[in-house]
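Listed below, chain by chain, are the residues.
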Amino acid sequence: MDNIIFASVTELAQAIRDKTVSSAEVVDACLKRIEVVNPRLNAVVQLTADTARQQARDADASLARGEIKGPLHGIPMTIKDSFDTAGVISTAGTLGRAKFVPAEDATAVARLRAAGAILLGKTNTPELTMWDRTVNLVYGLTNNPYDLARTPGGSSGGSAAIVAAGGSPLDLGSDMGGSIRNPAHLCGIAGIRPTSGRVPRTGHLLVPNMGIADAFTQVGPMARFVRDLVLTLPLIAGEDWRDPAIIPMPLGNPQDVELKGLRAAFYLDNGFKSPMPEIVAVVREVALRLAEADLIVTEHRPPQSDTARNVWYELFNADGGAAVRRLLQVAGTTQMSPPLLGTQSESAVTLAEFAARMDRWALYRREMLTYIQRYDVIICPVSSRVAALHDDLDGTDLSYTMSYNLTGWPVVVVRCGTSPEGLPIGVQVVARPWREDVALAVAQHLETVMGGWQPPALPA
């Protein structure tokens, strides 16, 4: 099989079942790619090479006996370091957990393994996942594969960087304010933040420890191709009888979605932070391409899009940083990284003020539901910026993603363009609650007509 490191999960899974390539060959190719690119990326922070190679040999032996473990039989994957992985150091980027080895997998990790996936290693994340850059005091800084002087975003930055670079075809991310979608945009891959309540967060560091911010957090797959999100999302979705937020709602099939006649709204500027001209041009081109596919396309900005970021921060900061301090105490961390200092204030707000902030959130959600009643899908920027230089601390913008953490709606990010500097540009494809099938179907069409993921200029 040619170009193993850049093949899709779907292609690799079929090739392994057809025995045109072995799991051992796929795993070895990914490990060799990691060996080549990771010294410059610092994306993979724990490597389980020996175990992965043995599990790949076992997968091939099982297949020879006619035994297939699941849809991901023999497929290598990496996992964001904020998820527990049994027997493998899981730090969440905080010093107190620098040698912490969990006894069991996070639910989503266990489900991927049960489907046949093989763990290659853990990918870097900012401390407690709480920054839009990927750097921490345990493992240091992660670089963008399209320009090593730039950020891959955060908090799933290590995930996005190694997937984009061909070291892993699949990773598992988490998203509290844009942490799947922002890195997917900056590194040119595909990622989905499912509807809140779709995928169990059990075994992810932040849940249930972040108070109201728990409601913002969701777990989702990250890959180079949208079809791989379609393949993996059903494998990790559904109640685990441990995460109380999970609702057993049916998950539709994107193949059953008819694009013609879908009502699509798009907006180019949220009124808070205007995007670069090249991002505006890409979103406008996406709108044109959807109209050509017989969607009913309307330019219409959602209500309160200019203030949504403020609503998110009002709620996140309401406790004065107490939730962060609890997490650090549980981890045994005594030295806080600089980004976490920004979560700390002298005191929490009063109960009356917290109730008022909850009211503002409820009003925002109500107005957004009224808005999306007119549409099936929303198209908009992921951010106002492409990947920023590491020393440009004002260069990342999550205002476009935070809006949909507040609603809890499903959002797919897919690469649809390239900046003059050669940096990826993604778009958000937002759907109604529980309609991941619609978001994925539209994103898959855009991937086809707009180009999707493109390999970075790193050595093959």
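Presented here is an overview of the structure given in this document. (Residues numbered from 1 in each chain as written. Predicted model: local features only at pLDDT ≥ 70, side-chain atom pairs only at ≥ 80, totals over all residues. Heavy atoms only, no water.)

Some details on the packing of helix 9 (residues 308-316) against helix 12 (residues 351-372)
Right, so step 1: Contact geometry of helix 9 with helix 12 gives a least axis separation of 10 Å together with a crossing angle of 145°. For the crossing formed where helix 9 meets helix 12, the hand is left-handed. On the side of helix 9, the interface is formed by Ala-308, Val-311, Glu-314 and Leu-315, while helix 12 contributes Arg-357, Met-358, Arg-360, Trp-361 and Tyr-364.
Right, so step 2: For the contact of helix 9 with helix 12, the class distribution of residues is six nonpolar, no polar and three charged. (Axes fitted to C-alpha atoms, helices over the stretch in contact; angles between N-to-C directions. Helix = DSSP H or I, 4+ residues; strand = E, 2+ residues; numbered from the N terminus. Left-handed = near helix turned anticlockwise from the far one by under 90°. Contact = heavy atoms within 4.5 Å. Nonpolar A, V, L, I, M, F, W, Y, C, P; charged D, E, K, R; others polar.)

A short note on the environment of Ala-29
Right, so step 1: By the secondary structure assignment, Ala-29 is in helix 2 (residues 23-41).
Right, so step 2: Judged by its relative accessible area of 19%, Ala-29 is buried.
Right, so step 3: Separated by 221 residues in sequence, Ala-29 and Pro-250 have C-alpha atoms that sit 37 Å apart.
Right, so step 4: Non-local contacts of Ala-29, meaning those with residues more than four positions away in its chain, are made with Ile-4 and Ile-5. (Buried < 20%, exposed > 50% of the residue type's maximum accessible area, 1.4 Å probe, protein only.)

Some points on the sheet that holds strand 8 (residues 218-223)
Right, so step 1: Overall, mixed pairing links the eight strands, which are arranged 6-8-7-12-13-11-9-10 in an open sheet. With one partner strand each, in any of the chains shown, strand 6 (170-175) and strand 10 (296-299) form the two edges of the open sheet. Each adjacent strand pair in this sheet contributes to an overall mean axis angle of 25°, direction not counted.
Right, so step 2: Of the strand pairs in this sheet, strand 12 (residues 411-418) and strand 13 (residues 424-431) are connected by seven bridges, and their pairing is antiparallel. For Val-413, the partnering residue across the bridge sits in strand 13 and is Gln-428. (Pairing = 2+ DSSP bridges.)

Structural notes on the nonpolar core
Right, so step 1: Residues Leu-172, Val-286, Ile-379, Val-427, Val-429, Val-442 and Leu-446 are the most contacted members of the largest nonpolar core, which totals 101 residues.
Right, so step 2: For Ile-379, the contacting residues outside a window of four places in its chain are Ala-265, Phe-266, Tyr-267, Val-283, Val-286, Leu-290, Gln-428, Val-429, Val-442 and Leu-446.
Right, so step 3: Judged by nonpolar contacts, the second largest core, of 36 residues, contains Leu-128, Phe-216, Ala-308 and Val-411. (Core = buried A, V, L, I, M, F, W, Y, C linked by side-chain atoms within 4.5 Å.)

Describing the pattern of salt bridges
Right, so step 1: Under the defined criterion, the tally for this structure stands at 20 salt bridges.
Right, so step 2: The closest approach of N and O atoms between Lys-122 and Asp-81, which form a salt bridge, is 3.2 Å. Taken together, the residues Lys-122 in strand 3 (residues 118-123) and Asp-81 in the loop between strand 2 (76-80) and helix 4 (107-114) connect sequence positions 41 residues apart.
Right, so step 3: A residue is classified by how much of its surface remains accessible, and Lys-122, at 0% relative accessible area, is buried.
Right, so step 4: Linking Arg-181 and Asp-175 is a salt bridge whose minimum nitrogen-to-oxygen distance equals 2.9 Å. In this structure, Arg-181 and Asp-175 share a single accessibility class: buried.
Right, so step 5: Connected through shared salt-bridge partners, Glu-314, Glu-353, Arg-357 and Arg-360 make up one network. (Salt bridge = Lys/Arg side-chain N within 4 Å of Asp/Glu carboxyl O.)

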